[in-house]
Amino acid sequence: MSGVAAPSPTIESLIRECRRNIKQAARDAGRAEDTVRLIAVSKGVETDKLELALEDAEQRIFGENYVQEAARKWPALRAAYPDIELHLIGHLQTNKAEDAVELFDAIDSLDRIKLADALAKAMQKKKKRVPLLIEVNTDHEPQKHGCLPSDVPALLQHARNLGLDVQGVMCIPPAGHDPSPFFDALAQMAEQLGLPRISMGMSSDYEKAIHHGATEVRVGSKLFGARPAKT
Ligand SMILES: *Cc1c(COP(=O)(O)O)cnc(C)c1O
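Residues numbered from 1 in each chain as written. Predicted model: local features only at pLDDT ≥ 70, side-chain atom pairs only at ≥ 80, totals over all residues. Heavy atoms only, no water.

Moving on, we get to the side chain of Thr-138. For Thr-138, the position within the fold is in the loop between β5 (132-135) and α6 (152-161). Apart from residues lying up to four places away in sequence, Thr-138 is in contact with Pro-149, Cys-171, Phe-182 and Leu-186. (Helix = DSSP H or I, 4+ residues; strand = E, 2+ residues; numbered from the N terminus. Contact = heavy atoms within 4.5 Å.)

Along the chain, Arg-218 turns up in strand β8 (residues 216-219). Of the side chains bearing the opposite charge, Asp-108 lies closest to the buried Arg-218, which forms no salt bridge; the N-O distance is 6.7 Å. Within polar-contact distance, the side chain of Arg-218 engages the side chain of Ser-199 at 2.9 Å. Setting aside residues no more than four positions away along its own chain, Arg-218 makes contact with Ile-39, Val-41, Ile-89, Met-170, Cys-171, Ile-172, Ser-199, Met-200, Gly-201, Met-202 and Ser-203. (Buried < 20%, exposed > 50% of the residue type's maximum accessible area, 1.4 Å probe, protein only. Lys, Arg positive; Asp, Glu negative; His and termini not counted. Salt bridge = Lys/Arg side-chain N within 4 Å of Asp/Glu carboxyl O. Polar contact = N/O pair within 3.5 Å; in protein donor to acceptor, adjacent residues only side chain to side chain.)

Moving on, we come to the site of the ligand. Close to the ligand lie Val-41, Lys-43, Asn-65, Ile-89, Ile-172, Met-202, Ser-203, Arg-218, Val-219, Gly-220, Ser-221 and Arg-227. Measuring from a nitrogen atom of the ligand, one finds a side-chain N or O atom of Arg-218 at 2.8 Å. About the coverage of the ligand: the protein hides 89% of its 380 Å² of free accessible area. (Near = heavy atom within 4 Å. Areas by Shrake-Rupley, 256 points an atom, 1.4 Å probe, with all protein chains shown as cover.)

Looking now at the pairing of strand β4 (residues 106-110). Where burial is concerned, most of β4 is hidden: 5 out of the 5 residues are buried. Note that strand β3 (residues 85-88) and β4 share 2 bridges and pair parallel. Counterpart to His-87 in the pairing with β4 is Ala-106. In this view, the connection linking β3 to its parallel neighbour β4 by way of helix α4 (residues 97-103) has right-handed handedness. Alignment of β4 against β5, held across 2 bridges, turns out to be parallel. In the sheet register, Leu-110 faces β5, and the bridge partner there is Ile-134. In this fold, the crossover linking β4 to β5 by way of helix α5 (residues 113-126) has right-handed handedness. (Pairing = 2+ DSSP bridges. Right-handed = clockwise from strand over helix to strand, strands pointing away.)

Moving on, we come to unusual backbone geometry. Even without glycine at this site, Glu-58 takes up a positive phi of about 55°. A positive phi angle, near 50°, is found at Lys-127, a position not held by glycine. Residue placement: Lys-127 occurs in the loop between α5 and β5.

So, about the pattern of salt bridges. In total, this model carries 17 salt bridges according to the counting rule given. Between Glu-69 and Lys-73 there is a salt bridge; the shortest N-O distance is 2.6 Å. Of this pair, Glu-69 and Lys-73 both sit in helix α3 (residues 67-80), 4 residues apart, which is roughly one turn of that helix. Side by side, Glu-69 and Lys-73 carry an identical accessibility label, which is buried. One connected set of salt bridges, linked through shared partners, spans Glu-98, Glu-102, Lys-125 and Lys-126.

Right, let's talk about the nonpolar core for a bit. Ile-107, Leu-110, Leu-119 and Ile-134 are the most contacted members of the largest nonpolar core, which has 67 residues in total. If one sorts the elements of this core by residue count, α5 sits on top with 7 residues. (Core = buried A, V, L, I, M, F, W, Y, C linked by side-chain atoms within 4.5 Å.)

See the structure below:
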């Protein structure tokens, strides 16, 4: 062996590996292997890399955090790949509700009554019904976005009264803690409310999330590489 560095894995191989791990985790949990969907989180990832994911790995489900970034990157890609399914996974301001309804196929961060009102209005105006997840602040951290667990039933009822299509729940457990109790709390909440979709698990813990019942995992840095640290 000489001093030749191993080539770094391609985006295609990383996505395929992640899909294999997802299937394996589902089987290990006694679930069917096709019960978990991979949302490739592409915040900060530019179009050249997204094209590799789309073309070489045939990835179609993506998640973005920011409306403006999605507006810049995705319309051109959609023209080439019409079957893209784009999720908004980041916090949404009410004044961007209309843009979000136009750009996204799913909004996974409904967390307050005012936003439900704004989304209902935007969907009526755009004549488009976008499925929603309620983002739950499972750790009760006051600084964090997300609906407090005790407020979720009222938000769900309010959204349904507006005709909104709430399909499930999502959470982002606190960093630096074992996420298991938070995953369990979210899965229990979904079951109690009769909601089929559970979005939880990221690069460092998606397999664990699958063991706790995730139906979709949101994986970014494991597929596209580390993002520059926020300043
Ligand atoms: C960035 C982000 C992810 C992906 O995180 P990674 O650790 O890079 O996999 C998942 N969910 C949300 C809400 C995010 O903001």
